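Summary of structural features
If you want the building blocks of each chain, they are given just below.
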There are 2 protein chains.
Amino acid sequence: MALRGYGQDCSIARALEVVGERWTLLIVRNAMAGDCRFESLLDSLGIARNVLAQRLNTLVEVGILERVPYRDRPVRHEYRLTVRGRELSPVLAALMQWGDRHCPAEQPPGHLMMHTPCDQPIELVVLCPSCEGPIPGREIVSRPVTRSAPVAGQQSREWTLEHR
Amino acid sequence: MALRGYGQDCSIARALEVVGERWTLLIVRNAMAGDCRFESLLDSLGIARNVLAQRLNTLVEVGILERVPYRDRPVRHEYRLTVRGRELSPVLAALMQWGDRHCPAEQPPGHLMMHTPCDQPIELVVLCPSCEGPIPGREIVSRPVTRSAPVAGQQSREWTLEHR
């Protein structure tokens, strides 16, 4: 696996190192729509065969897709999203919402992101613990924080926010 | 402007055509943290000078950044986010949340995304109109829709969802 690093100590950069290559998020988008087979992906994306093969191998290696055989003799695989892969859906939803708003097409959208148990279209919102209701993207800034000592095994944001 | 298209009729693809080039979202991330000047971006990103120049020009052309002079003789510009640019914050927040969870570093995060009026860290959630509370990314699928006739001037998702 030869992912190009950004040399940045940042979650956004680390995420982009994994999913930011050209075509990768569109492959994830298709997998999320159930389009999981090599020839079908090749056809729907119009991507070069070697590029698709490389991207799929990478996505399997980083645990976003898993290779599942659906046929023997010759063996053929599907590339299904793992839980880690499905957790990229907010990234796709955010891109979709920005694209709908700022890169409109003449036709309504061709895909919707749906909550499977309820069969309802999802909505991505940004919340603030002090305000009621969603907040607009333009009221958000990124702020550096001073790092406190790491807590072994921590998953969530349990550290001291000290504004620089 | 020579953005590479994906040839896909999809909001996600159109968004990625604009912001999906290598380094672009990290430039937006830095601008969101107030790091808006060429030499400073060059230094903090470690990016090649010609690549940074090309990305900044593109981001100005597509209306995500605006070039604002901060000095005369010689004139120097800052690259500030427009409203369109700030509306990318959910994309960055989604990448950050996925990166925090799936690409953890040894240290706690170096940046937080904050709601400016309240000075509180934001949270990105995915909502379903039928359920209470946020839903996990793994319960989301992408589903194709049959397009109804376009409604002139529509901004929101006012079209018929017909499952194929």
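Each chain has its residues counted from 1, following the order in which its sequence is written. Just so you know, chain letters begin at A and ligand numbers begin at 1, following the order they were written in. A pLDDT threshold of at least 70 governs which residues receive local features in this predicted model, and a stricter bar of 80 or more applies before side-chain atom pairs are shown or counted, although totals over entire chains, interfaces and linings include all residues. With hydrogens and water set aside, each side-chain value is computed from the structure's full complement of heavy atoms.

Another point: the overall build of chain A. Here a helix means four or more residues in a row that DSSP labels H or I, a strand means two or more in a row labelled E, and each is numbered from the N terminus. Across its full length, chain A holds six helices and six strands. What you see in chain A, going N to C, is helices and strands ordered as α-α-α-α-β-β-α-α-β-β-β-β. Within chain A, buried positions represent 48% of all 164 residues. Carbon and sulfur atoms form 47% of the exposed surface of chain A, whose accessible area is close to 8,000 Å². Between buried and exposed lies partly exposed: a residue is buried under 20% and exposed over 50% of the maximum accessible area for its type, with that area taken using a 1.4 Å probe on protein chains only. Each accessible area value is a Shrake-Rupley result obtained with a 1.4 Å probe; residue values ignore everything except the protein chains displayed when judging cover.

Read across the open sheet, the three strands follow the order β6(A)-β3(B)-β4(B); overall the sheet is antiparallel. The open sheet terminates on both sides in strands that have one partner only, identified here as β6 (140–144) of chain A together with β4 (120–121) of chain B. Two strands qualify as a pair provided DSSP detects at least 2 bridges between them. Where β6 of chain A meets strand β3 (residues 111–115) of chain B, five bridges bridge the pair, whose relative direction is antiparallel. Paired with Arg143 of chain A across the bridge in β3 of chain B is Leu112 of chain B.

So, on to the relation of the copies chain B and chain A. Here chain B sits on chain A after a turn of 180° about the axis and a move of 0.0 Å along it, with an RMSD of 0.0 Å. The superposition of one copy onto the other is thereby described by a two-fold rotation axis. Only heavy atoms matter for contacts: two residues are in contact if any of them lie within 4.5 Å across the pair. In this assembly, 100% of the residues forming the interface of chain B have copies in chain A that are likewise at the interface, indicating an isologous arrangement. Superposition of the copies used a least-squares fit over C-alpha atoms from residues whose pLDDT is at least 70 in both.

Low pLDDT marks stretches whose predicted atomic positions should not be read closely. Taken residue by residue, chain A gives an average pLDDT of 84. The fraction at 70 or more is 87%. On a range of 0 to 100, pLDDT expresses the predictor's confidence in each residue. Across residues 149–164 of chain A the pLDDT falls below 50, and counting only partners more than four positions away or on other chains, this stretch makes 31 contacts in the model.

Next up on the list: the pattern of salt bridges. Salt bridges are identified by distance alone: a Lys or Arg side-chain nitrogen within 4 Å of an Asp or Glu carboxyl oxygen. Scanning the entire structure with this criterion turns up 14 salt bridges over all chains. In this structure, Glu87 of chain A engages Arg138 of chain B in a salt bridge whose closest nitrogen and oxygen atoms are separated by 3.7 Å. In this pair, Glu87 of chain A sits in the loop between α5 (83–86) and α6 (89–102) while Arg138 of chain B sits in the loop between β5 (123–127) and β6 (140–144), so the two residues belong to two different chains. Given the relative accessible area of 12%, Glu87 of chain A is considered buried. Close ionic contact of Glu78 of chain B with Arg80 of chain B constitutes a salt bridge, the shortest N to O distance being 3.0 Å.

Here we come to the nonpolar core. Among buried residues, those of type Ala, Val, Leu, Ile, Met, Phe, Trp, Tyr and Cys that are joined through side-chain atoms within 4.5 Å constitute a nonpolar core. Core analysis: the largest hydrophobic core is formed by 88 residues, its most contacted members being Ile27, Ile64, Leu65 and Leu95 of chain A together with Ile64, Leu65 and Leu95 of chain B. If sequence neighbours within four positions are ignored, Ile64 of chain B has contacts with Trp98 of chain A together with Val18, Val19, Val28, Leu59, Arg80, Leu81, Thr82, Arg84, Gly85 and Leu88 of chain B.

Glancing now at the interface of chain B and chain A. Listed per partner, the contact involves 90 residues of chain B and 90 residues of chain A. Accessible area that two parts lose when put together, with a 1.4 Å probe and added across both, is what the buried area reports. Per-residue buried area on chain B facing chain A is highest for Ile12, Arg22 and Trp98 of chain B; these three make up 8% of the total on that side. Put simply, chain B and chain A have six salt bridges between them. Side-chain atoms alone can form a polar contact between residues adjacent in sequence; in general such a contact is a pair of N or O atoms within 3.5 Å, and within protein one must be able to donate a hydrogen while the other accepts it. Linking chain B to chain A there are 38 residue pairs in polar contact (both at pLDDT 80 or more). At twelve residues, the largest contribution of residues to the side of chain B that touches chain A is made by helix α6 (residues 89–102) of chain B.

Attention shifts here to helix α2 (residues 24–32) of chain B. All names here are of chain B. Summarising burial for α2: nine of the nine residues are buried, a large majority. Within the span of α2, buried status applies to Thr24, Leu25, Leu26, Ile27, Val28, Arg29, Asn30, Ala31 and Met32. With its phi angle positive at about 90°, Gly34 sits one or two positions after the end of α2.

Before going further, it helps to examine the packing of α6 of chain A against helix α1 (residues 11–19) of chain B. When two helices pack together, their arrangement is captured by the angle between the axes and the distance separating the axes. Between N-to-C directions, angles cover 0 to 180 degrees, with each direction set by a line fitted to C-alpha atoms, over the stretch in contact for helices. Between α6 of chain A and α1 of chain B, the shortest axis-to-axis distance is 7 Å and the interhelical angle comes to 85°. Overall, the two elements α6 of chain A and α1 of chain B adopt an arrangement that is roughly perpendicular. Here α6 of chain A contributes Leu92, Leu95, Met96, Trp98, Gly99 and Asp100 of chain A to the contact with α1 of chain B, which in turn contributes Ser11, Ile12, Ala15, Leu16, Val18 and Val19 of chain B. Classification convention: Asp, Glu, Lys, Arg as charged; Ala, Val, Leu, Ile, Met, Phe, Trp, Tyr, Cys, Pro as nonpolar; all other residues, Gly among them, as polar. Residues of the contact of α6 of chain A with α1 of chain B, tallied by class, amount to nine nonpolar, two polar and one charged. Angles below 35 degrees are treated as roughly parallel, those above 145 as roughly antiparallel, those between 65 and 115 as roughly perpendicular, and all remaining angles as oblique.

So, about the pairing of β3 of chain B. Residue and element names in this part refer to chain B. β3 sits mainly inside the fold: four of its five residues count as buried. As paired elements, β3 and β4 share two bridges and run antiparallel to each other. The partner of His115 across the bridge, within β4, is Gln120. Where β3 folds back on β4, the antiparallel hairpin that results is connected by four residues, among which Asp119 adopts a positive phi of roughly 55°.

To continue, consider the packing of helix α2 (residues 24–32) of chain A against helix α4 (residues 49–61) of chain A. Residues and elements named next belong to chain A. At a minimum axis distance of 10 Å, the contact between α2 and α4 shows a crossing angle of 75°. Comparing the axis directions of α2 and α4 gives the class roughly perpendicular. Packed against α2, whose contacting residues are Thr24, Ile27 and Val28, the element α4 presents Leu52, Arg55, Leu56 and Leu59 at the interface. Residue composition of the contact of α2 with α4, grouped by class: five nonpolar, one polar and one charged.

Take the packing of aromatic side chains next. When two rings of Phe, Tyr or Trp (its six-membered ring) have centres within 6.5 Å they constitute a pair, described as stacked for plane angles under 30 degrees, edge-to-face for angles over 60, and tilted for the intermediate range. Inspection of the entire model under this criterion finds two aromatic pairs over all chains. An angle of 75° between the planes, with centres 4.7 Å apart, marks the rings of Tyr6 of chain A and Trp23 of chain B as edge-to-face. Here Tyr6 of chain A, found in the segment before α1 (11–19), pairs with Trp23 of chain B, found in the loop between α1 and α2, and the two come from separate chains. Both residues of the pair, Tyr6 of chain A and Trp23 of chain B, count as buried. Whether a charge sits over a ring comes down to the Lys NZ or Arg CZ being within 6 Å of the ring centre and within 35 degrees of the ring normal. Across the ring face of Tyr6 of chain B, the terminal group of Arg22 of chain A is positioned such that the distance to the ring centre comes to 4.3 Å.

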